[in-house]
Amino acid sequence: SQVLTMAEDLRAAVASQTKRPSSSSEVVERLDENGHQNKRLKRDADEEDAEDQSKKSPKRKIVLLMAYSGKGYHGMQRNVGSSQFKTIEDDLVSALVQSGCIPENHGEDMKKMSFQRCARTDKGVSAAGQIVSLKVRLIDDILEKINNHLPSHIRILGLKRVTGGFNSKNKCDARTYSYMLPTFAFAHKDHDVQEEVYRLDKETLEKVNKLLACYKGTHNFHNFTSQKGPRDPSAKRYIMEMYCGEPFVRENIEFAVIKVKGQSFMMHQIRKMIGLVIAIVKGYAAESIIERSWGEEKVDVPKAPGLGLVLERVHFEKYNRRFGNDGLHEPLEWTEEEEKIAVFKEQYIYPTIINTEREEKSMANWLNTLSIHDFNSSAVGMQANNKNSKNSSDLEGSDGCDDDSD
């Protein structure tokens, strides 16, 4: 039995010997090897990370100055999931992804890039100075790269860095729109006019401007939009200026441009303001209807076609006073881009309005519906009339202002 015990002890000793490394230096070597291996793996990963980081570039909050011709689009605002109605933002987001400014999943969920438009122009409405704010990777030649992926009738004309919390809709303190229309819209209903021959006389232009000036100041515009009652505080709006410029001739038709600047506008508001002035100048409605429309009763206000409406510029006076000269941020003014804006309007916006007017006669057709409106009626008479006057312009949606319902 002693022999057995010795044999077991020997076996155990041999076994433990094979487990134990032959020398302490061997242990260090192995650890060293492992240590190197780990460091090497970490270094490779770090290099890949750095490459990724440079690919990503830092994300920064910026604003883009946009111009577009809105014909053929269902407005500015993207409706994710309804692809049959193409919007300006569909094309913009696609260009941002393709140029590498934003990752693909930010295109699907626009909140991820803090995207905000200044005004949502509606179906067919154009813009010369729309502003959007968003976070992007500031890649080299960013404007050129985005524009390469956009159709020629949508352009990014400028870019500025802004504060991290900037929101283009909330920080905007005024918007200027223009409305281009053929001047025969102001011809009196009792005069038979040849559209191409008609020229606006000085007296009529003065009358138009006198009426447009009535809108200046704060008024209750509940009659100039839908879904707002006379006691809704948000129906009160402040208009800073509104006037019609000197007429000019294009392709044998005389046109004029109405400018309106206001704090913010409701759906259809500008088109209805212009529609009512046309109805008065043409002799369908009395001048007193404007004053009446501020009151509580429902007034039948016709809505001019969407075609001529253009978002001209958006104003950030308060933001510029606070951050424009702080040495870190630029003021949101676009004097250097003025020329590009003017060229874009001449190339894309005005020709579209003029050619569409010539081919589709949207203003001429709309003027024929004015006789259906009852400008003296109460709400009861109006409902009956509205049933009769569902013409195509009723389908066009908002002015592109609609600042409340975002």
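Now for a description of the structure that goes with this document. Because the structure is predicted, anything quoted here is derived from the model rather than measured. (Residues numbered from 1 in each chain as written. Predicted model: local features only at pLDDT ≥ 70, side-chain atom pairs only at ≥ 80, totals over all residues. Heavy atoms only, no water.)

**Brief notes about unusual backbone geometry**
As a reminder of what qualifies: Helix and strand assignments come from DSSP, with helices taken as H or I runs of at least 4 residues and strands as E runs of at least 2, each series counted from the N terminus.
Phi is positive for Glu-251, which is not a glycine, with a value near 50°. Position of Glu-251 among the secondary structure elements: in the loop between strand 8 (248-250) and strand 9 (253-262). One non-glycine residue, Lys-361, lies in positive phi territory at about 50°. Tracing the chain through its elements places Lys-361 in the loop between helix 10 (338-360) and helix 11 (362-367).

**Some details on the packing of helix 6 (residues 202-213) against helix 7 (residues 269-281)**
This is how the line gets drawn: The convention used is that axes are lines fitted to C-alpha atoms, helices contributing only their stretch in contact, and that angles between N-to-C directions extend from 0 to 180 degrees. By definition in this entry, angles of less than 35 degrees are roughly parallel, angles greater than 145 are roughly antiparallel, angles of 65 to 115 are roughly perpendicular, and the rest are oblique. Definitions for this section: a left-handed crossing has its near helix turned counterclockwise from the far helix by less than a right angle. A right-handed crossing has that turn clockwise. By the convention used here, residues are in contact when the closest approach between their heavy atoms is within 4.5 Å. The nonpolar class holds Ala, Val, Leu, Ile, Met, Phe, Trp, Tyr, Cys and Pro. Asp, Glu, Lys and Arg form the charged class, and all remaining residues, Gly among them, are polar.
Contact pair helix 6 / helix 7: the axes reach a minimum separation of 10 Å and the direction vectors enclose 135°. Overall, the two elements helix 6 and helix 7 adopt an arrangement that is oblique. Two packed elements cross with a definite hand, and for helix 6 against helix 7 that hand is right-handed. Contacts between helix 6 and helix 7 involve Thr-204, Lys-207, Val-208, Leu-211 and Leu-212 on the former and, on the latter, Val-277, Ile-280 and Val-281. Here the residues of the contact of helix 6 with helix 7 are counted per class, giving six nonpolar, one polar and one charged.

**Let's talk about the packing of aromatic side chains**
Keep this limit in mind: The criterion for an aromatic pair is that two Phe, Tyr or Trp rings (for Trp, the six-membered ring) have centres within 6.5 Å, with stacked assigned to planes under 30 degrees apart, edge-to-face to planes over 60 apart and tilted to the rest. When a residue's accessible area, from a 1.4 Å probe over protein chains only, is under 20% of the maximum for its type it is buried; when over 50% it is exposed; and in between it is partly exposed. Remark: a charge is flagged as sitting over a ring if the NZ atom of Lys or the CZ atom of Arg is within 6 Å of the ring centre and within 35 degrees of the ring normal.
By the definition in use, this model includes 11 aromatic pairs. With a centroid separation of 5.6 Å and an interplanar angle of 85°, the aromatic rings of Tyr-177 and Phe-265 are classed as edge-to-face. Of the two residues, Tyr-177 is situated in strand 5 (residues 174-182) and Phe-265 in the loop between strand 9 and helix 7; the sequence distance between them amounts to 88 residues. As far as burial versus exposure is concerned, Tyr-177 and Phe-265 are alike and both buried. Seen from their ring centres, Phe-221 and Trp-294 are 5.1 Å apart, and the 75° between their planes marks the pair as edge-to-face. Taken together, the residues Phe-221 in the loop between strand 6 (217-220) and strand 7 (236-244) and Trp-294 in helix 8 (residues 289-294) connect sequence positions 73 residues apart. For Trp-294, a relative accessible area of 13% translates into the label buried. Positioned above the aromatic ring of Trp-334 is the side chain of Lys-160, whose terminal nitrogen or guanidinium carbon lies 4.9 Å from the ring centre. Taking the ring centre of Tyr-284 as reference, the NZ or CZ of Lys-189 above it sits at 5.8 Å.

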